[in-house]
Amino acid sequence: MSGPNTDYDPVEVTPLKADQVEAMREAALAAIADAPDLDALKQVRLDHAGDRSPIALANREIGALPPQARKEAGQRIGQARGAINQALAARQSVLEAEHEERMLVEETVDVSLPTTRRRRGSRHPLTLQSELIADLFVAMGYEVAEGPVVEAEWLNFDALNLGPDHPARTMQDTFWTEPAEDHVVLRTQTSPVQARTLLTRKPPIYVVCPGRVFRTDEYDATHSPMFHQVEGLVVDEGITMAHLKGTLDHFASQLFGDGISTRFRPSYFPFTEPSAEVDVLCFVCRNVDAESCRTCRGEGWIEWGGCGVVNPRVLVACGVDPEVYSGFAFGMGIDRSFMFRHDLEDLRPLFEGDVRFSSAFGTEI
Amino acid sequence: MKAPLSWILDLVDVPAGTTTEEITDRLTLTGLKLEAVVSPGREITGPLVIGRVLTMEPEPQKNGKTINWCTVDVGDANGTGEPQGIVCGAHNFAPGDLVVTVLPGGVLPGGFEIGARKTYGHLSAGMICSARELGLGEDHDGIIVLPPDAGEPGQDVRAVLGLDEEVIEFEVNPDRAYALSLRGIAREVLVSVEGASGFRDPALRETPAANDDGHPVVVEDSEGCPVFVARRVDGFDPAAATPDFMVQRITAAGMRPISLAVDVTNYVMLETGRPIHGYDADRLQGAIVVRRAREGEKLTTLDGTARTLDPGDLVVTDDSGIIGLGGVMGGETTEISGTTTSVLVEAAHWDAVSMFRTGRRHKITSEAGKRNERGVDPTICEAAADRVVELLVEHGGGTAHPGVTVVGTPPAMPVVEVAGDLAARVSGMPITEEQSVACLRAVGCEVSAAVGGSGTLSVTPPPWRPDLTDAQDFSEEVVRLVGYDKVPSVLPTPPSGRGLTRAQQLRRRIGRTLAGEGFVEVVTFPFVGEADLDALGLTAEDPRRDLLRLSNPLNAEAGFMTSTLLPGLLRTAGKNVGHGTTDVAIFETGTVTLPRHAGPAAILPVDRRPTEAELEALDAALPAQPLHLALVGAGDAVSGGWWAEAQPFSWADAVEAVRAVAASLGLEVSASAVELAPWHPGRCAELTVDGEVIGHAGEVHPTVCQAFGLPKRTVAAEVDLDLLIARAVHLRTAPTFSSYPVAKEDVALVVDDTVPAAAVEAALREGAGALLESIRLFDVYTGDQVGEGRKSLAYALRFRALDRTLKEGEAAAARDAAVARAAERTGAIQRA
């Protein structure tokens, strides 16, 4: 702020005249309105509201006026400056909005560009199928039991009523290990897990055992030396074949769709008596006009697995009293179930490890 | 088992109008599963007719053969009524004979199309057929000459030859050995097909009583051979042909017709289920003796194989030595030949277990062995031998020798106590005791109620059912006849379960984590060969060389269970690269096999629960089988594109993937340098959690990359998931953190190249004390400014106190303390 300027004759201070102040205001407002962008407005601000602007200079002259004139001049200039600042602020926000709008337009991208910078991973469909099946049974209250794949001969065979001279032993082409006198095999079925379960848990027992098993089958479109099975075992008081049927019907409808049931045919397994083959109703044709159905090859039913009432001899070998408890067991191929559930005709892609195969199934099925 | 329908219906009647499908459907439901219904002539199409040979002109050829140029009357079958000109190479016929003629347009088995073609200077329009050309047998010595009353020329010949016969193939379960015979199948038809009746048991016949005139037989092991019956046919014509019906039935059943004497024994075996052996009686020397083999004895069996016998083998001997492997296969010296005129017929019952062991020991699978090892009706030896004698006499022109040798008696069937309500309790169906009794009697059991009306039945199985030994076995017989399709569907009510175990949940979490990191799960076979371990560059002392060997691998190159997942995974990665997926990230979880060489896994008894000690010993004898995780990355980890350059896989990606897995379990992994195959010696990290080694990760050795068809800089990791999962943090503690302002301090430290960054960081952390909130290495610099053999590590440190704003200088003091500790521990010098 300047001090009183005593050298001037106040009467001669023309910039403070009303018309002069009005002219400054008009000039400033016009320049503000004309400023095309923020840079121009910045210059306008300097020119018309800055320290060296006419109105700022005029303001300095107020002190030179006689006291009685100062008030009036001060008011006049103050009002003008207020109007100019207001206009500046208004114009500033308009120009800023315009600027932002223009910037956003300039920043437009092609959103159709590919965005997959990192490859997606996936889990193996057999893992997913095993977990899905396990979950269906866990939901019913079962637990998931496990055991080693390199297994004692006694647990894989003898404990399951498959004695050393049982003809059924030749039905399962077994991988034996050396030295032979160690009596160690690659398990041919997940049934040794059932034996382990019976040996380590007390009834009531409700378990499923998914896992890898091995047979000396040459590798082709429908055979593999390694494949996956899931077996179920229930041992409780009063368990009958009807409970087995009910459980498998429920399992089938959960895995293949509402209304899909099973049927039993007599069969033979040493560890169950009575034994049955279990077929599942074809979930594609539902045995309606089955002749043209590819999935069941015109049968209306698909061979699914084996099952039966646990042979009391197995219960005895595992220390469960067959006078008190009875049970059922069932087993089916996870790979096979996967194949017909997902329309896969040749099983080899399951074990070839081509990432294009697993990737097609993502992380859940 | 393949059974011609006509043969079945010879033995049992079904209601008129019953279709083959109705019969097979019922049999399938009661336990004889239909495999297929086929006709022997299914592959033959087009005109196949009776022809009468009108003329035949033998014409010697330059190649030494003589062909016959024939004219054959085929009636109107050729459309002209004119005789058909056909060249024929066989000579076993004469003008006037009726022959089987296939005309142009016909197709024989094997897709053999018949046309009119120029051959040996004639236009031969068709072919005169042999049995083999029609798929009816192996006989190719001549063409089929039909009986004079077979029919008229031009008539279709299929029915005459049995080519349109329906042959039913059944899958026979090991417990139903009786169904390996027409007798057994007909009996199943009787009990399964509604309205079936009139079962004619081919083994139910009057047989002559045993006498002392028969061939002398001594059975030294009556447990191994409880019954031995010998009969003899003399004056047999070795040239006698097997009747057509027998050839057709034997062929349809899948066996090969050989000669009348052999064919008759096979025919009776198929009919009754009882294997029969025929000896050339003139080549037998002295009494037949049945005994166990002695150590080192040898026999050349009918298949021409010289075998060294085992003391467990049952043998048939005469004065010349061993003449047969009892019940399994005969010997060469007494084999029936083209000059045999006297046949000694043996029908003997053999111990099934011994048969099974001998068959397995000598790797012999024969039709006789298949039946004997599953169990045959021991009561029908005399009937079967008598049936053979009858057929040999009838078709071979011989006379039955009056001598009948019968040694031993059939073992008695056991009497089994069966609760009257067992079938109901097992099946969940309301089966009454009366129903059970009816079903059991239908399958041939004798049933009588036990004393006092206790609800217990005394059941004696029929002699053809040696599989019925336990009460539960009889319940299956009842339930299958009542019908498996009638079993109701009832859900049991399990107690509340505990869900997945923690380890099961964590394994799923690990899989999801790796999928989230961009890895694709694969499943490979766990078989490995030594060459695979060589390819990994494992040293001779590497513990992973200790492998469990398979006795019978499918592929000798992969004869072991693997101790590491890497060979399979590297091979799989290589295959993907080979298929054009050049950027590949895969993982696998699976058990590996680490032998413990702890001795045999005992064969424990089965009549009681093993003791805890026995079970522990059993588990201890198995190899360790930890669950491993392995992963491989090759090519680009992050793809290049409009956003940035591609980032190739680096050793760090392998370490980071394992860190991600560990982090998902709440664990932190430390890495330190180690040299281990198959990794790059300078780029392999030994990974530890709380000081325990859990695995390794890094860049794969370039030689190994090359061996597996992978690009250089491929990365891999393998860790023991069991160790990780065992350490997983179960309940994580909630964190507390400061909301006061942070103080940031950056330091750059110069150390020797050989100093691990992890050591510098550990020293900084220790020196900085409790105020240190975090530390991050943000730059590693090597170059002129720090000098040869040195590197500069730049760290950003953040300091904060939980309860207050730090005072001026506090953070700097902590930083200086950190740097001082790093200097002391690692020789670090702070860069100006």
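Conventions adopted
Residues numbered from 1 in each chain as written. Chains lettered and ligands numbered in written order. Predicted model: local features only at pLDDT ≥ 70, side-chain atom pairs only at ≥ 80, totals over all residues. Heavy atoms only, no water. Helix = DSSP H or I, 4+ residues; strand = E, 2+ residues; numbered from the N terminus. Rg over C-alpha atoms; globule rule 2.2 N^0.38 Å. Buried < 20%, exposed > 50% of the residue type's maximum accessible area, 1.4 Å probe, protein only. Contact = heavy atoms within 4.5 Å. Areas by Shrake-Rupley, 256 points an atom, 1.4 Å probe, with all protein chains shown as cover. Lys, Arg positive; Asp, Glu negative; His and termini not counted. Charge placed at Lys NZ, Arg CZ, Asp CG, Glu CD. Buried area = accessible area lost by both parts, 1.4 Å probe. Salt bridge = Lys/Arg side-chain N within 4 Å of Asp/Glu carboxyl O. Core = buried A, V, L, I, M, F, W, Y, C linked by side-chain atoms within 4.5 Å. Pairing = 2+ DSSP bridges. Axes fitted to C-alpha atoms, helices over the stretch in contact; angles between N-to-C directions. Parallel < 35°, antiparallel > 145°, perpendicular 65-115°, else oblique. Nonpolar A, V, L, I, M, F, W, Y, C, P; charged D, E, K, R; others polar. Phe/Tyr/Trp six-rings, centres within 6.5 Å; stacked < 30°, edge-to-face > 60°. 1 Å grid on protein atoms, 1.4 Å probe; cavity = no way out; pocket = protein on both sides within 12 Å on 5 of 7 lines; lining within 4 Å. Points joined across faces, edges and corners; volume = space filled by probe spheres on them. Domains from an automatic or database assignment. Patch = residues over 30% accessible without salt bridge, like charges linked within 9 Å, V, L, I, M, F, W, Y side chains within 5 Å. Polar contact = N/O pair within 3.5 Å; in protein donor to acceptor, adjacent residues only side chain to side chain. Left-handed = near helix turned anticlockwise from the far one by under 90°. pLDDT = per-residue confidence, 0-100.

An account of the overall build of chain B is requested, with residue identities and associated values reported.
Helices and strands together make up the secondary structure of chain B, namely 21 helices and 44 strands. Its C-alpha radius of gyration of 41 Å places chain B more than 25% over the 28 Å reference for a compact globule of 832 residues. By principal-axis analysis of the C-alpha atoms, chain B measures approximately 125 × 90 × 60 Å. Residue burial in chain B is summarised as follows: out of 832 residues, 50% are buried. Counting only contacts in chain B whose residues sit at least 6 apart along the sequence, the fraction spanning at least 24 positions is 70%. With the model as given, the accessible surface of chain B reaches about 36,600 Å², and the carbon-plus-sulfur share is 51%. Distance between charge centroids for chain B: 8 Å, based on 73 positive and 116 negative side chains.

Outline the interface of chain B and chain A, supporting the account with residue identities and numerical values.
The interface is formed by 104 residues belonging to chain B together with 104 residues belonging to chain A. Taking both sides of the interface into account, the surface hidden between chain B and chain A amounts to around 8,600 Å²; carbon and sulfur atoms contribute 58%. Across the contact surface, chain B and chain A share nine salt bridges. Residue B:R549 is joined to A:E178 by a salt bridge in which the shortest nitrogen-to-oxygen separation is 3.7 Å.

Account for the environment of B:V704, naming residues and giving values.
Residue and element names in this part refer to chain B. Of note, V704 is situated in helix α18 (residues 702-707). Judged by relative accessible area, V704 falls into the buried class, the value being 5%. Setting aside its immediate chain neighbours within four residues, V704 contacts A535, L536, L570 and P678.

So what's going on with the nonpolar core? Residues and values would help.
Buried together is how nonpolar side chains tend to be arranged in soluble globular proteins. Core analysis: the biggest nonpolar cluster contains 120 residues, and A:L198, A:L248, A:F251, A:F264, A:W304, A:F330 and A:L350 have the highest contact counts within it. Per-element tally for this core: the top contributor is helix α8 (residues 241-256) of chain A, with eight residues. With 50 residues, the next largest nonpolar core counts B:V172, B:L182, B:V189 and B:M269 among its residues.

Explain the sheet that holds strand β31 (residues 548-549) of chain B residue by residue, including any values.
All names here are of chain B. Within the open sheet, the three strands sit side by side as β30-β32-β31. Their pairing is antiparallel. Looking at which strands have only one partner, the edges of the open sheet turn out to be β30 (527-528) and β31. Here two bridges tie β30 to strand β32 (residues 560-561), and the two strands are oriented antiparallel to one another. Counted as the bridge partner of F527 is M561 from β32.

Tell me about the environment of A:G74, and please be specific about residues and values.
For A:G74, the location among the structural elements is in helix α4 (residues 67-106). Remark: the alpha-carbon pair of A:G74 and A:I62, spanning 12 residues in sequence, is separated by 6.7 Å.

So what's going on with the packing of helix α1 (residues 18-34) of chain A against helix α2 (residues 38-49) of chain A? Residues and values would help.
Residues and elements named next belong to chain A. Packing of α1 against α2 brings their axes to within 9 Å, and their N-to-C directions diverge by 170°. In terms of orientation, α1 and α2 fall into the roughly antiparallel class. Residues A27, A28, A31 and I32 of α1 touch α2, and the partners they reach there are L41, V44 and H48. A breakdown of the residues in the contact of α1 with α2 according to their chemical character gives six nonpolar, one polar and no charged.

Tell me about the packing of aromatic side chains, and please be specific about residues and values.
For the coordinates displayed, the defined rule picks out 23 aromatic pairs over all chains. Each ring, one from A:F338 and one from A:F361, has its centre 5.3 Å from the other, and the planes form 65°; the classification is edge-to-face. With a gap of 23 residues between them, A:F338 in helix α10 (residues 334-341) and A:F361 in the segment after α12 (355-359) connect regions that are remote in the sequence. Neither residue differs from the other here; A:F338 and A:F361 are each classed as buried. Centroid distance A:F351 to B:F525: 5.4 Å. Interplanar angle 35°. Geometry classified as tilted. Here the residue A:F351 occupies a position in helix α11 (residues 349-352), and B:F525 occupies one in the loop between β29 (520-521) and β30, the pair thus bridging two chains. A relative accessible area of 21% places B:F525 in the partly exposed class.

Which residues make up empty space enclosed by the protein, and what values go with them?
Residues and elements named next belong to chain B. Under the criterion given, the structure shown has five cavities of 30 Å³ or more. Taken as a whole, the largest cavity spans an internal volume of roughly 150 Å³. What lines the largest cavity is a set of 21 residues, and nearest its centre among them are F525, P526, T562, L565 and T591. Among the residues forming the lining of the largest cavity, the class breakdown is 11 nonpolar, seven polar and three charged. Estimated volume of the second largest cavity: approximately 110 Å³. For the second largest cavity, the lining is made up of 14 residues, of which A177, Y178, S181, T272 and G273 are closest to its centre. Class assignment of the residues belonging to the lining of the second largest cavity gives a composition of six nonpolar, five polar and three charged. The residue makeup of the lining of the second largest cavity includes at least three contributed by each of domain 1 (2-39 + 166-192) and domain 3 (217-407).

Describe the sheet that holds strand β27 (residues 446-449) of chain B, with residues and values.
Strand pairing within a sheet occurs via backbone hydrogen bonds; the two strands may be parallel or antiparallel. All names here are of chain B. Strand order in the open sheet made by the three strands is β26-β28-β27, with antiparallel pairing throughout. With one partner strand each, in any of the chains shown, β26 (416-419) and β27 form the two edges of the open sheet. Each strand of the sheet is rotated relative to its neighbour by a mean of 30°, with strand direction disregarded.

Go over a negative patch on the surface, please, and point to the residues and values.
All names here are of chain A. On the surface, E96, E98, E100 and E101 cluster together into a negatively charged patch. Along the polypeptide, E96 turns up in helix α4. Here E96 falls in the partly exposed class, since its relative accessible area comes to 41%.

Before we move on, can you summarise the side chain of B:N576 with the specific residues and values?
Its location among the elements puts B:N576 in helix α15 (residues 566-578). Of the polar contacts made by the side chain of B:N576, one reaches the backbone oxygen of A:G353; its length is 2.8 Å. Non-local contacts of B:N576, meaning those with residues more than four positions away in its chain, are made with A:G353, A:D354, A:V355, B:T581 and B:V584.

Lay out the domain arrangement of chain A with the relevant residues and their values.
Under the domain assignment, chain A is made up of domain 1 (10-106) and domain 2 (125-359). Summarising the inter-unit geometry, the C-alpha centres of domain 1 of chain A and domain 2 of chain A are found 91 Å apart.

Describe the pattern of salt bridges, and please don't skip the residues or the numbers.
In total, this model carries 70 salt bridges over all chains according to the counting rule given. Between A:R263 and A:D279 there is a salt bridge, and its shortest N-O distance comes to 2.9 Å. Here the residue A:R263 occupies a position in strand β6 (residues 262-269), and A:D279 occupies one in strand β7 (residues 272-281), the gap between them amounting to 16 residues. Take A:R263: its relative accessible area is 31%, and that puts it in the partly exposed class. Among the residues examined, A:D279 registers a relative accessible area of 2% and is labelled buried. Put simply, B:K33 and A:E303 hold a salt bridge, and the shortest N to O gap is 2.7 Å. Here the residue B:K33 occupies a position in strand β2 (residues 33-38), and A:E303 occupies one in strand β8 (residues 301-310), the pair thus bridging two chains.

Break down the domain arrangement of chain B for me, with residues and values.
Looking at chain B, the domain boundaries give domain 1 (2-39 + 166-192), domain 2 (42-161), domain 3 (217-407), domain 4 (416-486), domain 5 (502-727) and domain 6 (743-830). Put simply, the middle of domain 1 of chain B and the middle of domain 6 of chain B, counted by C-alpha atoms, are 87 Å apart.

Help me get a handle on the packing of helix α5 (residues 125-140) of chain A against α8(A), residues and values and all.
Residues and elements named next belong to chain A. Where α5 meets α8, the closest approach of the two axes is 11 Å, and the angle between their N-to-C directions is 130°. Between α5 and α8, the interaxial angle falls into the category oblique. Seen from above, α5 lies across α8 with right-handed handedness. For the pair α5 and α8, contact is made by Q129, L132, I133, L136, F137 and M140 and by T247, H250, F251, Q254 and L255, respectively. Per-class residue counts for the contact of α5 with α8 are seven nonpolar, four polar and no charged.

Run through the confidence of the model for chain B, naming residues and quoting values.
Overall, the prediction assigns chain B a mean pLDDT of 93, with 99% of residues at 70 or greater. On the interface metric, ipTM, the complex scores 0.86, and its pTM is 0.84.

Give a detailed account of the pairing of strand β40 (residues 715-720) of chain B, specifying residues and quantitative values.
Residues and elements named next belong to chain B. Here β40 lies mainly inside the structure; six of its six residues are buried. With six bridges joining them, strand β34 (residues 627-634) and β40 adopt antiparallel strand pairing. Paired with G633 across the strands is V715, a residue of β40. As judged from the five bridges shared by strand β39 (residues 692-700) and β40, these two strands associate in the antiparallel manner. Of the residues in β40, the one forming a bridge with G698 is A716.

Let's hear about the environment of B:S337: which residues, and what values?
Residue and element names in this part refer to chain B. Looking at the secondary structure, you find S337 in the loop between β22 (329-330) and β23 (343-349). Given the relative accessible area of 30%, S337 is considered partly exposed. Ignoring anything within four residues of it in the chain, the contact list for S337 reads D280 and R283.

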